[in-house]
Amino acid sequence: MTTTTPPVTLDDVRDAAARLKGVAHRTPVLRSRTLDALVGAEVHLKCENFQRAGAFKFRGAYNTASRLTPEQLARGVAAYSSGNHAQAVALAARELGTTAVIVMPEDTPASKRDATAGYGAEIVTYDRYTGDRAAIAEALAAERGLALIPPYEHPHVLAGQGTAALELLEEAGELDALITPVGGGGLMAGSATAAKALHPGIRMIGVEPEAGDDTRRSLQAGRRISVPVPRTIADGQAVPTPGELTFSVNRRLVDAIALVGDDEIRAAMRFAFERLKIVVEPSGATPLAALLSGRVERLPRRTGVIISGGNIDADRFARLCAGGDRP
């Protein structure tokens, strides 16, 4: 009988938490009686929109970059991202005294592109519908001798992302379910690793935009399935194929995937702003959208939700909440 060693363990997540202490924010967990009444459950919202660089991605980026050798840091780092991982790597590089080159889609929201540049990174753009971002970044890193920090296909990245769930469970106690957005799958893989190790009975529920249900299809098929590059307002989840590493974790640990439409995401963003008094970007709002629209079947009594990010400029936020800004 053979056993497969998981790419990341609870000990790895705890080690990442120790490394991030005093560097990453320990983000707040919010409660809302109005939300609880609407969905019929006790909901604990882990608000990574208050994380440094505006999203959970800083956790994995810093955990990975901080483990590079002095020689690697002297040469610099590279990454590819639709926005949040870009900002996270740029900030982590600045914190560690090195440089970053980021491959970003041409249609990345201006606020994310400007913030990435503001942290000091060099930006190289590509067309997300025709270009292969990983191949572009890998070629650039090889040419310049840079250390590549992928958005999710790395054990240290997964361990770092898992610290969000670790903190949530430390504060809220045992939960019956944990709901997270799913794009490439890194947040879910890290969160599920921590949550299932601590509480084996917890249900791990991912949420994807209807236009990009690659993880749902992959879990049903038992293998990675690709879909056309999604056209959705949830740009952070516009991924056509689950990561190989992340899928190896999520196929074991994820219990269900819920899908939400763009209009449901808009409604969740409005609800978060009007009732919770927080600004959430579209991808960060998908778990809340799934709750509010009843897309989560058999919602458990005590449920955690990771609000993954809040990186959106005021103009786009206003347009989306008003029902505009189609993908």
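Residues numbered from 1 in each chain as written. Predicted model: local features only at pLDDT ≥ 70, side-chain atom pairs only at ≥ 80, totals over all residues. Heavy atoms only, no water.

### Re the pattern of salt bridges
The full count for this structure, using the stated rule, is 20 salt bridges. Residue D15 is joined to R67 by a salt bridge in which the shortest nitrogen-to-oxygen separation is 2.6 Å. Here D15, found in helix α1 (residues 10-20), pairs with R67, found in the loop between α3 (57-65) and α4 (70-75); they are 52 residues apart in sequence, far enough to count as distant. When its relative accessible area of 27% is taken as the criterion, R67 is described as partly exposed. Between K46 and E167 there is a salt bridge whose closest N-O contact spans 2.7 Å. A residue pair is termed long-range when its members are at least 10 positions apart, and K46 in strand β2 (residues 42-47) and E167 in helix α8 (residues 155-172) qualify at 121 residues. (Salt bridge = Lys/Arg side-chain N within 4 Å of Asp/Glu carboxyl O. Helix = DSSP H or I, 4+ residues; strand = E, 2+ residues; numbered from the N terminus. Buried < 20%, exposed > 50% of the residue type's maximum accessible area, 1.4 Å probe, protein only.)

### Focus on the side chain of R59
Counting through the fold element by element, R59 comes out in helix α3. In this structure R59 comes out as buried when scored by relative accessible area, which is 1%. A distance of 2.9 Å separates the side chain of R59 from the side chain of T163, its partner in a polar contact. Beyond its immediate stretch of four places on either side in the chain, R59 contacts L20, H25, T27, K46, E48, Q51, G160, Q161, T163, A164 and E167. (Polar contact = N/O pair within 3.5 Å; in protein donor to acceptor, adjacent residues only side chain to side chain. Contact = heavy atoms within 4.5 Å.)

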